[in-house]
Each structure stands twice: as C-alpha cells, then as structure tokens.
Amino acid sequence: MGKLQKWLVLSCLICLCLPSVGFGADFDIPDDCPCRESIYEMVETYKGDEAFRVLLDEAFKNIQPAPKDYLDGSNPWLGKSFADLVPFFVDWCSFLPEAKGSSDTVLRYIEQMDLFAYQNPFGRAAFQTMPGIMIFDHFAKERGDFLNSKASIARVAQWLSDPRIEKEEYVLPNEHAADGGFKSYNEFFSRRFKDISAVRPQTMPERDYIISAPTDAIVNTIPAKLVAETATIPTKGMQILNIRQLLAGSKYWKRFVGGTAMSCILMPNTYHHYHAPVGGKVIETKLLEGALLGMEDFPKFVPTTGNVGYYGASFGAFESYQRGYFIIDTGKYGLVGVVPVGLSTVGSVIFEDKFTKASGPVAIKRGEELGHFLYGGSLVILVFEPGKYKSGAIKVRLGNQIGLFDTSSNK
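Residues numbered from 1 in each chain as written. Predicted model: local features only at pLDDT ≥ 70, side-chain atom pairs only at ≥ 80, totals over all residues. Heavy atoms only, no water.

Caption draft 1: Looking closely at the environment of S359. In this structure, S359 sits in the loop between α13 (353-356) and β12 (362-364). Along the sequence, S359 and E284 sit 75 residues apart, while their C-alpha atoms lie 10.0 Å from each other. (Helix = DSSP H or I, 4+ residues; strand = E, 2+ residues; numbered from the N terminus.)

This is the structure in structure tokens:
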C-alpha cells in the first residue's frame, strides 16, 4: 500500500473520530478580489472538512526540494502552510504576465502551484480529487472572468511592443492604439491572423501523406507506449500513455493501442488556435472535464533549457486533465486523434461550432481550424494508429522554421 493509499484510510478514521474544529487564523481576502468567492470557499472547506484539511497539511509536510539544476534546488512551498496558500491565490487571481525580451512571466504562478505537487502525491491529490478539484475549477472560472474583463488589458501594450508577437500579422481592433484596441487580455491572447494562408501556409497542401503542426508549438515525439487500461506498469526507462483514459468515452480508443504520439506545446507569445494536422473526416469529438493542475514533475516537463515536453518528460498526468479530442479518419492512413489539453487554470478548451453542433462526420482539410485556448499553459497531443506514423525525429523541409534567436541577445 502506497503512502497516499495509507493516508486515504487514515483520513476516513479521522473524519469518523475527530469533532469539527475551529480555525484560528483570519484571512484577508480583499472585497475587490475577482476570485473572492472561490478563495473563501477554500478557506471554509479547510475549516469544516477534516479530510481536506489533513490532506493539505500532509501536502505541506511533504513538499520536496526542486532538482539542484532547477531554481537552485529551492521550492517556494518549503516551510509554508495553508496560511500562505490563501494570499498566494489572492495574488494569482489578478496576476497579469509581463513580456521581457525573449522571456516572460506567464508561468510564474503556474510553476509555483505545480511545484506544490512536485513528487508529492498529497499535493497532487489536494487539487485533483474532490473537493479540491471543484474549488480550483471555481477559482479558474473566476480568474477567467477577470482575464475577460477590461481590467486585464493593463499589460497588453507591453506585449504588443515585443517583436516576438509579430503584431503586424494579426487582426487588431484598433491598429493605432498601443494596446491594439483589445477589450481584455483573453481577447488579445486569442487573436487571429489577418491572412493565415499567407503567414502560415500549409506545406504541399495537395499531398495527403504530410502531417502538419496543428499550431505554433514546440514539437517533440512522445516516447511512450499507447496502452489499454493500467495493467502495464511502467518500469525504469519506460513510459506509457493510457489511451483509453486519454480518449475517455471514445469508441475508437482501441484503434490506437500500440500506436505512437506527438506533443505540440504552445508558447505564451504565439498564436493560440489549433488546426487539423491531416485531412479527412472528423468522425467524433468530445469535451472532457478534468483537473487543471497537479503535475508530478514540472521541472522535467518545463526544463530551464526551454525545450518543453522533451524526451523523458511524462505525459501521463494529462490523461485526467481538462481536455477534448477530435478523431479524424484520413482514409488510407487510418485514424488520427487530436487532443487539446488545458493546463493550470486553462479550462478553456474551445471547439469551433461546426464540430460541436455536427450531427454526423465533418469533412476537413489539413490546416482547417478546430478550436482555440484562452490564457494559461496548453498543448495538443497527436495520436496515431500502430504502423501509420513512426515516432522519431521531426522532419522539416527547406525554409521551415527550426528555431528562434533570443531577441534580447542583441542589446
């Protein structure tokens, strides 16, 4: 029996044996905090739910140092308690990221919250099981409302002055305004190209054997076996991806067992709409509720090198994250699954109406838009049937982008 399982048994005994206790600390949740209701809900649940309180307390007791090459081994949650969690959520709620040359602060709070779960099963369970998953979902919705408000545009002008944004390629409500005339940070974040065929042309669109990147992304193959159920136990050096769980509810999941996968991770400064990587017919779509945080090894998934999702990073956590999927029938190349995943406060996996309202298969061309994300971290996982795509080095053609210079290096 693992440490978390033992805790679950213990928590049941605690709930039966302990009387309801008071909570001595008073928390200052400002009246104008956009996430006041969800943070208050977290405090009240901590007060009144012994199991939730003990789980959070155990999580704080089990905070692990970060790897030595990551933040010098420090973890901002070491030595902290629930009393520190409340002001953290208050600050996070109205946080607006800044662009700084080739870097930005988009992941500041996301990184810290995932370090709470770093090699800490109690930290993951606190916000991936009830009532924590419900509380954090409420927080994400309130933060989303803030990011959809006029108050959230304060730093949009700074982002538009960043050369990486390439603002001349996008539709700006007001091209003469410093903030582009956007009404909210999310409106800026989900901006569209003026002419996508000109700035993101499809490579040889008439060739049906070509697989395109579904969006601007860091692309890596996933060195994991696509397995059914959880009967396969990963051993050292082996990764698995539970395709049945990842495609929860799909009648086609068995077709992908033994197949391969690829990750396409979006960066904060780039285009946040995702498109069909292949042509064919969309034969099934579904949106799935799930967790929004609790990654076991954030430092390995988002390393300091910037190669997010690189070889060795685990994708198993995303089997239960907020996500959706498209199943595309390509015909002679079999089925391709496109799985957009929302990370850490991204509850905004949004599909185009033509797919959500479809009563049957929808014909689609490679490059056609499927949907978009709003603010936060996000990725698209592509899955292929066995023998259809050999997961290995990414192949590019002459003239394709293979990297970016650090725009701050010439100062």
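We are not done yet, so read on.
Caption draft 2: Molecular detail of the packing of helix α2 (residues 36-48) against helix α7 (residues 132-147). For the pair α2 and α7, interaxial distance at closest approach is 8 Å and the crossing angle is 160°. Between α2 and α7, the angle is such that the two are roughly antiparallel. As for the relative orientation of α2 and α7, their crossing is left-handed in sense. Contact with α2, carried on its side by R36, E37, S38, I39, E41, M42 and T45, involves M134, I135, H138, F139 and E142 of α7 and no other residues of that element. A per-class count over the contact of α2 with α7 returns five nonpolar, three polar and four charged. (Axes fitted to C-alpha atoms, helices over the stretch in contact; angles between N-to-C directions. Parallel < 35°, antiparallel > 145°, perpendicular 65-115°, else oblique. Left-handed = near helix turned anticlockwise from the far one by under 90°. Contact = heavy atoms within 4.5 Å. Nonpolar A, V, L, I, M, F, W, Y, C, P; charged D, E, K, R; others polar.)

Caption draft 3: Here's a closer look at the sheet that holds strand β7 (residues 273-275). Ordered by their spatial adjacency, three strands build an open sheet running β7-β13-β11, and the pairing between neighbours is antiparallel. A strand with exactly one partner marks an edge of an open sheet, and here the two such strands are β7 and β11 (350-351). As paired strands, β7 and strand β13 (residues 369-372) are joined by three bridges and run antiparallel to one another. Bridging from a neighbouring strand, H275 pairs with E369 of β13. (Pairing = 2+ DSSP bridges.)

Caption draft 4: View of the state of the cysteines. Tallied over the entire structure, the rule returns one disulfide. Disulfide pairing is shown between C35 and C93; the S-S distance is 2.0 Å. The sign of the S-S torsion, about 80°, decides the handedness of the disulfide formed by C35 and C93: right-handed. Here C93 lies in helix α4 (residues 82-93) and C35 lies in the loop between α1 (3-17) and α2, a separation of 58 residues in the sequence. Its relative accessible area of 0% is what places C35 among the buried residues. Overall, C93 belongs to the buried group, its relative accessible area being 0%. We note that C33 lacks a disulfide partner, and the nearest cysteine sulfur, in C93, lies 4.4 Å from it. (Disulfide = S-S within 2.5 Å. Buried < 20%, exposed > 50% of the residue type's maximum accessible area, 1.4 Å probe, protein only.)

Caption draft 5: Molecular detail of the packing of α2 against α4. Look at α2 against α4: their axes get within 10 Å of each other, and the N-to-C directions meet at 165°. Here α2 is positioned roughly antiparallel relative to α4, judged by the angle of their axes. As α2 packs across α4, the resulting crossing turns out to be right-handed. Together, I39, M42, V43 and Y46 of α2 and F82, L85, V86, F89 and V90 of α4 make up the contact between the two elements. When the residues that make up the contact of α2 with α4 are grouped by side-chain class, the tally is nine nonpolar, no polar and no charged.

Caption draft 6: Geometry of empty space enclosed by the protein. One pass over the full model with this rule turns up one cavity of 30 Å³ or more. Taken as a whole, the largest cavity spans an internal volume of roughly 30 Å³. Every residue along the wall of the largest cavity is listed here: F127, I133, F136, D137, G290, A291 and L292. Broken down by element, the residue count for the lining of the largest cavity peaks at three residues, all from α7. Classifying every residue of the lining of the largest cavity by side-chain character gives five nonpolar, one polar and one charged. (1 Å grid on protein atoms, 1.4 Å probe; cavity = no way out; pocket = protein on both sides within 12 Å on 5 of 7 lines; lining within 4 Å. Points joined across faces, edges and corners; volume = space filled by probe spheres on them.)

Caption draft 7: Molecular detail of the pattern of salt bridges. Here the structure, examined in full by the defined rule, presents 18 salt bridges. Its salt-bridge partner being E385, residue R255 comes within 3.0 Å of it at the nearest N-O pair. With R255 in the loop between α11 (243-246) and β6 (260-265) and E385 in the segment after β14 (377-384), this pair connects stretches of sequence that are 130 residues apart. Residue classification places R255 among the partly exposed positions, given a relative accessible area of 39%. Sharing partners across several salt bridges, the network here consists of E166, E169, R200 and D216. (Salt bridge = Lys/Arg side-chain N within 4 Å of Asp/Glu carboxyl O.)

Caption draft 8: Summary view of the nonpolar core. Grouped together as the largest cluster of nonpolar side chains are 92 residues, with contacts concentrated most on F89 and F127. Considering every element that reaches this core, the biggest residue donor is α4, with eight residues. Judged by nonpolar contacts, the second largest core, of 22 residues, contains V278, I328, V362 and Y389. (Core = buried A, V, L, I, M, F, W, Y, C linked by side-chain atoms within 4.5 Å.)

Caption draft 9: Inspection of the pairing of strand β9 (residues 323-329) at higher detail. Most of β9 sits out of view: six of its seven residues are buried. Examined bridge by bridge, β9 and strand β10 (residues 335-343) share five bridges and lie antiparallel to one another. In the sheet register, I328 faces β10, and the bridge partner there is V336. Taking the residues between adjacent antiparallel strands as the criterion, β9 and β10 are bridged by five residues, where G331 takes a positive phi near 90°.

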